[in-house]
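# Chain and residue survey
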Amino acid sequence: MQEEKYTNRIRKLKEEVKTMLIKSRTPWDQLELIEILQRLGLAYHFEHQIHEILMCIYNKTHSHDTDKSIKKDLHFTALEFRLLRQHGFNISQEIFSDFQDEVGNLKRNLYDDYKGILSLYEASFLSEEGENVLDSAREFGYNKLRKHVQQNQETDPYYAKLINHALELPLHWRMQRLESRWFIDMYEVKHGMDSHILELAKLDFNNVQATYQADLQYTSWCFNILNVSTSVYLLRRISFKHLHGLIYFEVSTLMYLLQVSTLADLLRCVYVEVSPSGI
């Protein structure tokens, strides 16, 4: 009965969030909402809507109907670039040309735009070979952001945590489920957070977590009833597939990610439920 109640609530919340996506008034709102849904681990529910929105933004970016206000904002331009490239759109690093000076460096009037620099830093990790603008932006962003959080105690605590999180490991390299669990905590204290999105994130996290727990119970059952040699092999295979379900990244980054992600983080993701009334 309780499970049915949660299922119905998730279904209702998904419809509300879908309406938010469709009725967002500006590309700014749409990009921000897509970013939040991705970080909360909810984007897979809205793949069609997100693709349609990004396709519309991409077409405007490559036409004379481009929204000039977004083009002149470093944060939204970097967010637009990262989301479009992440979703397979062919977008050029030249989109950042408006923010470069005569020698190709970031314009000095943007040096205090730490929200924009953070977005540019995150976007730089989706660079392709030979994209020197993004390579330079990554080095500049790291040094600038690290210096900022070290020397400015008055930095907004929310953005200070986001900056430190990015400097520890960029978003593009993180395990999705671990990132979602971390960002639920962050989103709950974010100014202007949407309570319905937060509730959906918590319920969905617990729902996915229950699936992981069921998988591990099956693994344990196999281990107990089969002979040792077979069960050890099966345990390794199922455990690997279970871990693969928690993460999505290039194989070349596997060992590095496993070094920075502790066993406690993984166990927390699998066993520690998110309380609907608070973390």
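None of these values were measured; they are calculated from a predicted model.

Turning to the confidence of the model for the chain, a few remarks are in order. Averaged over all residues, the pLDDT of the chain is 81; the fraction at 70 or higher stands at 71%. Below a pLDDT of 50 lies the segment residues 245-260, which in the model reaches 22 contacts outside its immediate sequence neighbourhood of four places, other chains included.

With that settled, consider helix α9 (residues 176-188). For α9, built from 13 residues, the straight-helix expectation of 18 Å at 1.5 Å per residue is met to within 8% by its first-to-last C-alpha distance of 18 Å. Turning to α9, its buried residues are R177, L178, E179, S180, R181, F183, I184, M186 and Y187.

Two packed helices can be described by the angle between their axes and the distance between those axes. Direction vectors running N to C along helix α2 (residues 27-39) and helix α3 (residues 47-61) enclose 140 degrees, while the axes themselves pass 11 Å from each other. Taken together, α2 and α3 sit at an angle that is classed as oblique. Pair α2 / α3 crosses with left-handed handedness. When α2 is examined against α3, the residues P27, Q30, L31 and I34 are found in contact with a partner set consisting of I50, I53, L54 and I57. Grouping the constituent residues of the contact of α2 with α3 by class yields seven nonpolar, one polar and no charged.

Of all hydrophobic cores here, the largest spans 60 residues; its most connected members are L40 and I197. Not counting residues within four places of it along the chain, the set of residues in contact with L40 comprises S180, F183, I184, Y187, I197 and A201.

Scanning the entire structure with this criterion turns up 13 salt bridges. R82 is paired through a salt bridge with E35; the nearest N and O atoms lie 2.7 Å apart. On the criterion of sequence distance, the pair formed by R82 in helix α5 (residues 74-86) and E35 in helix α2 is long-range, its members being 47 residues apart. The class for R82 is buried, based on a relative accessible area of 7%. By relative accessible area, E35 is classed as buried at 10%.

Here α2 crosses α5 at 55 degrees, and the two axes come no closer than 10 Å. When the axis of α2 is compared with that of α5, the two are oblique. Where α2 crosses over α5, the handedness of that crossing is left-handed. Contact with α2, carried on its side by W28, L31, E32, I34, E35 and Q38, involves H75, F76, L79, E80, R82, L83 and Q86 of α5 and no other residues of that element. Its residues placed into classes, the contact of α2 with α5 shows six nonpolar, three polar and four charged.

Once that is clear, we can look at the environment of Q93. Examined against the element boundaries, Q93 turns out to sit in the loop between α5 and α6 (114-123). Residue classification places Q93 among the buried positions, given a relative accessible area of 11%. Between the C-alpha atom of Q93 and that of S124, which follows or precedes it by 31 residues, the distance is 9.4 Å.

A complete count under the given rule lists 10 aromatic pairs for this structure. Ring geometry for F81 and F96: centres 5.2 Å apart, planes at 55 degrees, overall tilted. On the criterion of sequence distance, the pair formed by F81 in helix α5 and F96 in the loop between α5 and α6 is long-range, its members being 15 residues apart. For the ring pair Y121 and F125, a centre distance of 5.1 Å and an interplane angle of 85 degrees mean the geometry is edge-to-face. Each member of the pair, Y121 as well as F125, carries the same accessibility label: buried. Just above the ring of F125 sits the side chain of R138; from NZ or CZ to the centre is 5.0 Å.

Rules used throughout
Residues numbered from 1 in each chain as written. Predicted model: local features only at pLDDT ≥ 70, side-chain atom pairs only at ≥ 80, totals over all residues. Heavy atoms only, no water. pLDDT = per-residue confidence, 0-100. Contact = heavy atoms within 4.5 Å. Helix = DSSP H or I, 4+ residues; strand = E, 2+ residues; numbered from the N terminus. Expected span 1.5 Å × (residues − 1). Buried < 20%, exposed > 50% of the residue type's maximum accessible area, 1.4 Å probe, protein only. Axes fitted to C-alpha atoms, helices over the stretch in contact; angles between N-to-C directions. Parallel < 35°, antiparallel > 145°, perpendicular 65-115°, else oblique. Left-handed = near helix turned anticlockwise from the far one by under 90°. Nonpolar A, V, L, I, M, F, W, Y, C, P; charged D, E, K, R; others polar. Core = buried A, V, L, I, M, F, W, Y, C linked by side-chain atoms within 4.5 Å. Salt bridge = Lys/Arg side-chain N within 4 Å of Asp/Glu carboxyl O. Phe/Tyr/Trp six-rings, centres within 6.5 Å; stacked < 30°, edge-to-face > 60°. Lys NZ or Arg CZ within 6 Å of the ring centre and 35° of its normal.

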